[in-house]
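# Coordinates in review
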Amino acid sequence: MDTFDRTSSPLVEHTDVAIIGGGPSGASAAAWLSRQGLDVRVFERQHFPRFSIGESLLPQCMVHLQTCGLLDAARAGNFQPKNGAAFCWNGNDAAIDFREKFTPGPGTTWQVERADFDQRLLDGAREAGAHVEHGISVTGFTPDARQPQIDLRDEDGATRRVSARFVLDASGYGRVLARLTELDCPSTLPTRGALFTHVEGLYGDDDYDREKILIGVHPEQDDIWYWLIPFPDGRASVGVVAGIDDLDAAGDDDPARYRALMNAEPRFAELLKGVTPVRDITRLAGYSSNIERLYGPGFAVLGNAGEFLDPVFSSGITIALDSSMRAAPLVMRQLEGQAVDWDADFEAPLREGIATFRAFIDAWYDGDLQRIIFHERQAPRVREMLSAILAGYAWDRDNPFVSASRRRLKSLAQACALETSPSP
Ligand SMILES: Cc1cc2nc3c(=O)[nH]c(=O)nc-3n(C[C@H](O)[C@H](O)[C@H](O)COP(=O)(O)OP(=O)(O)OC[C@H]3O[C@@H](n4cnc5c(N)ncnc54)[C@H](O)[C@@H]3O)c2cc1C
């Protein structure tokens with residue numbers, strides 16, 4: 001890719017808003033902006049439906065889907081309902097029910113196969129008026145406060161240039177503008193990796209709750225954890241996350257490592273007896289990423305194209321949708337000629353919620369949050385505050401665990417440790 005590339009590509013098109021990528025952040029922004037009557041173009045490298053990881057939503061997503069007008073499009077997918085998270089560790093079970101939470105708002109959501117979910121959102125954006133092109137990669141970018149430009153390449157190698165009044169980067173792991181503008185910066189989270197697949201034949205036993213994501217903790221290493229995300233009809237997404245060295249040490253190749261790690265956790269080993277994998281075991285590593293700034297002259301960066309933390313609390317799509325529903329009205333105001341403070345109205349509040357998730361993720365990996373979750377006796381109000389954040393309401397300043405996440409998690413974990421309940 002060329003940074004600020006001004007090649008001889010002819011200028012063939014103009015649009016109000018050009019969006020790079022048609023995942024959840026791109027589709028939601030496209031739907032919202034198209035409904036305001038703007039000419040919106042989405043350039044998507046892949047052909048849909050396509051597989052993507054990130055299948056467990058948080059209830060906060062429902063608010064954003066409603067705001068951008070895509071809730072009904074998503075609902076038509078009849079996805080697996082989800083009302084919380086269940087946890088298992090060494091024979092101990094715990095659960096958080098999102099319907100019992102401190103912050104008002106939806107308490108349920110879905111577990112989705114992303115091929116279908118993303119297709120529905122993008123079709124919904126199209127119905128709202130967005131023009132979507134597949135098989136088009138964005139390869140160059142010229143920032144400009146009034147007329148930024150992007151360079152496109154199709155699958156036959158033909159190139160063209162589009163000028164817009166504003167560009168939104170929703171390219172996810174493609175991180176197009178972070179790279180092209182050299183704003184890319186490494187995440188401060190340690191490098192971890194995931195091995196995952198889809199299975200079928202998982203009908204579960206009597207105490208298996210399909211309406212919750214199941215998160216397991218490795219019996220001996222509490223920084224290795226598992227997910228099981230049920231879909232309808234006995235299908236499920238199953239994965240394990242560990243430091244790269246621990247992943248590599250678990251076997252000779254990725255299928256063997258996946259099997260060994262799954263067998264190490266008794267509940268997962270039991271549940272997965274007799275299921276059939278229906279996808280190859282896939283490895284994703286080093287997915288945590290960051291960016292110095294989420295906006296610049298004529299552009300803003302959404303979802304995973306900006307900062308991505310860690311999959312443990314399924315915060316990715318919530319942050320993606322939150323970013324697009326913050327950015328879209330600001331784009332509208334800017335194109336109407338109003339002054340917009342991208343720092344105060346976009347980056348700072350978005351990063352505030354991300355910081356709350358980050359505190360929870362750090363507390364998970366240092367063991368504090370596991371101590372809290374597996375602790376049996378907890379004041380119901382405290383449980384509801386934790387539940388609200390794990391349901392995605394990480395921007396609710398009325399919740400004491402939002403405003404002082406780290407300090408409160410630390411003291412709560414210490415209080416739990418003083419008592420006798422089991423903890424990893
Ligand atoms: C192991 C793992 C598990 C996860 N589990 C969850 C979970 O349970 N729940 C959750 O909410 N999140 C989860 N996530 C995170 C989730 O995958 C992302 O946060 C989410 O997909 C971000 O949405 P997005 O729209 O920003 O980007 P994406 O969904 O990645 O969409 C970006 C789109 O941009 C396109 N694109 C890329 N480059 C270009 C280019 N140059 N030109 C044109 N188009 C381009 C891509 O083809 C893609 O379709 C997980 C992540 C990992 C790594």
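Fair warning: this is a prediction, and the values are worked out from it, not measured in the lab. (Residues numbered from 1 in each chain as written. Predicted model: local features only at pLDDT ≥ 70, side-chain atom pairs only at ≥ 80, totals over all residues.)

### Digging into the overall build of the chain
Inclusion rule: Labels follow the DSSP assignment, with helices taken as runs of H or I lasting at least four residues and strands as runs of E lasting at least two, numbered in each case from the N terminus. Here the radius of gyration uses the C-alpha set of atoms, whereas the globule reference equals 2.2 Å times the residue count to the power 0.38. Exposure in this text rests on C-beta crowding, where 20 or more other C-beta atoms within 10 Å of a residue's own make it buried, 12 or fewer make it exposed, and counts in between make it partly exposed. The C-beta atoms are placed from the backbone. We call two residues in contact when their backbone-placed C-beta atoms lie within 7 Å.
The helix and strand inventory of the chain stands at 14 helices and 21 strands. A globule of 424 residues ought to have a C-alpha radius of gyration of about 22 Å, and the chain, at 22 Å, matches this closely. Each principal axis of the C-alpha atoms in the chain carries an extent, and together these give about 70 × 45 × 40 Å. Looking at the chain as a whole, 50% of its 424 residues qualify as buried. Taking all contacts inside the chain whose residues are at least 6 apart in sequence as the whole, residues at least 24 apart take part in 75%.

### Details of the environment of I361
By secondary structure assignment, the location of I361 is in helix α10 (residues 342-365). With 99 residues separating them in the primary sequence, I361 and M262 have C-alpha atoms 22 Å apart. Contact partners of I361, with chain neighbours within four places excluded, come to L309, D310, V312 and F313.

### What about the domain arrangement of the chain?
Convention followed: For the domains described, the bounds stem from an automatic or database domain assignment. Each residue is assigned to one of three groups, with Ala, Val, Leu, Ile, Met, Phe, Trp, Tyr, Cys and Pro labelled nonpolar, Asp, Glu, Lys and Arg labelled charged, and all others, Gly among them, labelled polar.
With domains assigned, the chain is organised as domain 1 (2-82 + 103-186 + 288-352) and domain 2 (192-285). Distance between the C-alpha centres of domain 1 and domain 2: 30 Å. The partner domain 2 presents 14 residues to the eleven residues of domain 1 that form the contact. A per-element tally of the side of domain 1 that touches domain 2 places strand β4 (residues 80-82) first, with three residues. Looking at the side of domain 1 that touches domain 2 residue by residue, the classes come out as four nonpolar, four polar and three charged.

### Notes on the packing of helix α1 (residues 24-35) against helix α4 (residues 114-127)
Let me state the cut-off plainly: Between the N-to-C directions of two axes lies an angle of 0 to 180 degrees, each axis being a line fitted to C-alpha atoms and, for a helix, fitted only over the stretch in contact. Any angle from 65 to 115 degrees is called roughly perpendicular, while one under 35 is roughly parallel, one over 145 is roughly antiparallel, and all others are oblique. Two helices crossing with the near one rotated counterclockwise from the far one by less than a right angle form a left-handed crossing, whereas a clockwise rotation gives a right-handed crossing.
Interaxial distance between α1 and α4 falls to 8 Å at its minimum, and their mutual angle equals 20°. Here α1 is positioned roughly parallel relative to α4, judged by the angle of their axes. For the pair α1 and α4, the sense of crossing is left-handed. Contact residues: α1 offers P24, A27, S28, A30, A31 and S34, while α4 offers D118, L121, L122, G124 and A125. Split by residue class, the contact of α1 with α4 holds seven nonpolar, three polar and one charged.

### A short note on unusual backbone geometry
Here F48 and P49 are connected by a cis peptide whose omega angle stands at 0°. Structurally, the position occupied by P49 is in the loop between β3 (40-44) and α2 (60-67). Its identity as a non-glycine residue notwithstanding, N90 has a phi of 50°, on the positive side. By the element assignment, N90 lies in the loop between β5 (84-89) and β6 (92-97). By C-beta crowding, N90 is classed as partly exposed, having 16 other C-beta atoms within 10 Å. Positive phi values are uncommon outside glycine, yet S314 reaches one of about 55°. Structurally, the position occupied by S314 is in the loop between β21 (299-301) and α9 (316-335).

### Here's the deal with the site of the ligand
Worth spelling out the cut-off: Here is the check we use: build the C-beta atom from the backbone, and if it is within 6 Å of the molecule or strand, call the residue near.
By nearness alone, 38 residues border the ligand, and G23, G172, G174, G303 and G316 come closest of all. Residue contributions to the shell around the ligand peak at four residues, all from α9. The class makeup of the residues in the shell around the ligand is 17 nonpolar, 18 polar and three charged.

### Some words on the pairing of strand β10 (residues 149-154)
Across a regular strand the side chains alternate sides, sitting on one face of the sheet and then on the other. This is how the line gets drawn: Note on pairing: DSSP must find at least two bridges between two strands before they are called paired.
As paired elements, strand β9 (residues 136-142) and β10 share six bridges and run antiparallel to each other. Counterpart to T142 in the pairing with β10 is Q149. The loop that links β9 with its antiparallel partner β10 comprises six residues. Summarising the sheet, β10 and strand β11 (residues 159-169) pair through five bridges and their orientation is antiparallel. Paired with Q149 across the bridge in β11 is S163. Following β10, the chain reverses through four residues before pairing antiparallel with β11; G157 in that reversal takes a positive phi of roughly 90°.

### Notes on the nonpolar core
The nonpolar side chains of a soluble globular protein tend to be buried with one another. Quick note on the threshold: One nonpolar core equals one set of buried Ala, Val, Leu, Ile, Met, Phe, Trp, Tyr and Cys residues connected by C-beta atoms within 7 Å.
Within the largest apolar cluster, 131 residues are counted, with the highest numbers of intra-cluster contacts made by V17, I19, A29, A30, A125, L168 and V240. In terms of domain composition, this core takes at least three residues from each of domain 1 (2-82 + 103-186 + 288-352) and domain 2 (192-285). Beyond its immediate sequence surroundings of up to four residues, V240 is in contact with A194, L195, I224, Y226, Y258, L261 and M262.

### Some thoughts on the packing of α1 against α9
Two elements in contact, α1 and α9, have axes whose closest approach is 8 Å; the angle formed by their N-to-C orientations is 30°. The pairing of α1 with α9 is recorded here as roughly parallel in orientation. Regarding α1 and α9, the two cross each other, and that crossing is right-handed. Along the contact surface, α1 presents P24, S25, S28, A29, W32 and L33, while α9 presents I317, A320, L321, S323, S324, M325, A327, A328, V331 and M332. Among the residues forming the contact of α1 with α9, the class breakdown is twelve nonpolar, four polar and no charged.

### So, helix α14 (residues 405-418)
Note the threshold: Here the expected length of a helix is defined as 1.5 Å per residue gap, with one fewer gap than residues. Of all possible arcs, the one meant is that of the directions from the helix axis to the C-beta atoms.
Along its 14 residues, α14 runs 20 Å from first to last C-alpha, staying within 8% of the 20 Å computed at 1.5 Å per residue. Regarding α14, the residues found buried are S405, L409, L412, A413 and C416. Looking down the long axis of α14, one finds its buried residues gathered within 100° of arc, a one-sided arrangement. Every exposed residue of α14 that faces more than 90 degrees away from the buried side is listed here: R407, S411, Q414 and L418. Those residues of α14 that are buried are in contact with α10, α11 (368-373), α12 (380-390) and α13 (400-403).

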